[in-house]
Structures are given as C-alpha cells and as structure tokens.
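So you can see what is in the structure, the chains are spelled out below.
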Amino acid sequence: MRRTPAGIPVVSCILAHESRQIEADIEREVKLELPAMAIGELAQTLAVAAPGAKVSVTGFMAAKSARSRSPVLHLNIIEFMEGI
C-alpha cells in the first residue's frame, strides 16, 4: 500500500477473470488480466486480502495517467466470494 501526498491510502492490483461466453452461437473460454486500484478505506480492505481471493467488483475505467492511456479499473465496491 502506498499513500498519496495527502496521506490517502492507495492499493494497486491485477484482477484475473475467467469465464465461458457464447459468441456467434459458439462457446468460448475467456481469460484476461486487468489492472485495478482502490483508494481510501477500500484500499485498506484490499491490502489485507489474500492473493487469489475470489471477488466481485464494481468500479469505473479510467486512463492510468495523463501520459499513459492504458486502462485501469478504479474499484468502488469489493465483495469477497466464499465457497466459489
């Protein structure tokens, strides 16, 4: 975990997604990794999560920075999934 100059906690992570989806009537396996970040109280929650924990998240996509247009998912909600 790092802190902004104002002292706000920030945590970055990589979310991995795996699913099966139907495209053009054909099932396909989908796998991807997506950079994500949490700020404030949510960052503190994410900082103590076990690597590989299964989660359901909600957030918004934004550019990584003014110089890098790479997408990053900014997390607003993290729900830890048990037994999945």
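Located above this text is the structure these notes cover.
Residues numbered from 1 in each chain as written. Predicted model: local features only at pLDDT ≥ 70, side-chain atom pairs only at ≥ 80, totals over all residues. Heavy atoms only, no water.

**Student:** Looking at this structure, how should I read the side chain of H74?
**Tutor:** Here H74 lies in strand β5 (residues 71-80). Setting aside chain neighbours within four positions, we find H74 in contact with M37, I39, T58, G59, F60 and A62. (Helix = DSSP H or I, 4+ residues; strand = E, 2+ residues; numbered from the N terminus. Contact = heavy atoms within 4.5 Å.)

**Student:** Honestly, the layout of surface pockets in this entry has me stumped. Any pointers?
**Tutor:** The method is simple in principle: a probe with the dimensions of a water molecule rolls over the atoms, and the space it marks as empty is what remains. Here the largest pocket defines a volume of roughly 710 Å³. Residue lining of the largest pocket: 27 residues in total, with L15, A16, A53, K54 and V55 positioned closest to the centre. Where the lining of the largest pocket is concerned, the elements lending two or more residues are β2 (9-23), β3 (26-39), β4 (55-63) and β5. Considering each element in turn, the lining of the largest pocket owes the most residues, 9 residues, to β2. Tallied by class, the residues present in the lining of the largest pocket amount to 20 nonpolar, 5 polar and 2 charged. (1 Å grid on protein atoms, 1.4 Å probe; cavity = no way out; pocket = protein on both sides within 12 Å on 5 of 7 lines; lining within 4 Å. Points joined across faces, edges and corners; volume = space filled by probe spheres on them. Nonpolar A, V, L, I, M, F, W, Y, C, P; charged D, E, K, R; others polar.)

**Student:** What is the right way to look at the environment of L32 in this model?
**Tutor:** Locating L32 in the fold gives a position in strand β3. Residue L32 is classed as partly exposed on the basis of its relative accessible area, which comes to 39%. Aside from chain neighbours lying at most four places away, what touches L32 is L15, A16 and H17. (Buried < 20%, exposed > 50% of the residue type's maximum accessible area, 1.4 Å probe, protein only.)

**Student:** Would you mind showing me how to read the pairing of β2 here?
**Tutor:** Within a regular strand, the side chains alternate between the two sheet faces. In the sheet, strand β1 (residues 2-3) pairs with β2 via 2 bridges, with the strands oriented antiparallel. Of the residues in β2, the one forming a bridge with R3 is P9. A loop of 5 residues connects β1 with β2, the two strands running antiparallel in sequence, and G7 in this loop sits at a positive phi of about 90°. With 14 bridges connecting them, β2 and β3 associate as antiparallel partners. Considered in β3, the bridge of A16 is made with E33. The antiparallel pairing of β2 with β3 creates a hairpin that spans 2 residues between the two strands, and A24 there sits at a positive phi of about 55°. (Pairing = 2+ DSSP bridges.)

**Student:** Explanation requested: unusual backbone geometry in the structure shown.
**Tutor:** A negative phi angle is the norm for most residues apart from glycine, just as the trans form is the norm for most peptide bonds. Phi is positive for A24, which is not a glycine, with a value near 55°. Relative to the helices and strands, A24 resides in the loop between β2 and β3. The phi torsion at D25 lies on the positive side, around 65°, for a residue other than glycine. For D25, the position within the fold is in the loop between β2 and β3. Under the relative-accessibility criterion, D25 is labelled exposed at 77%.

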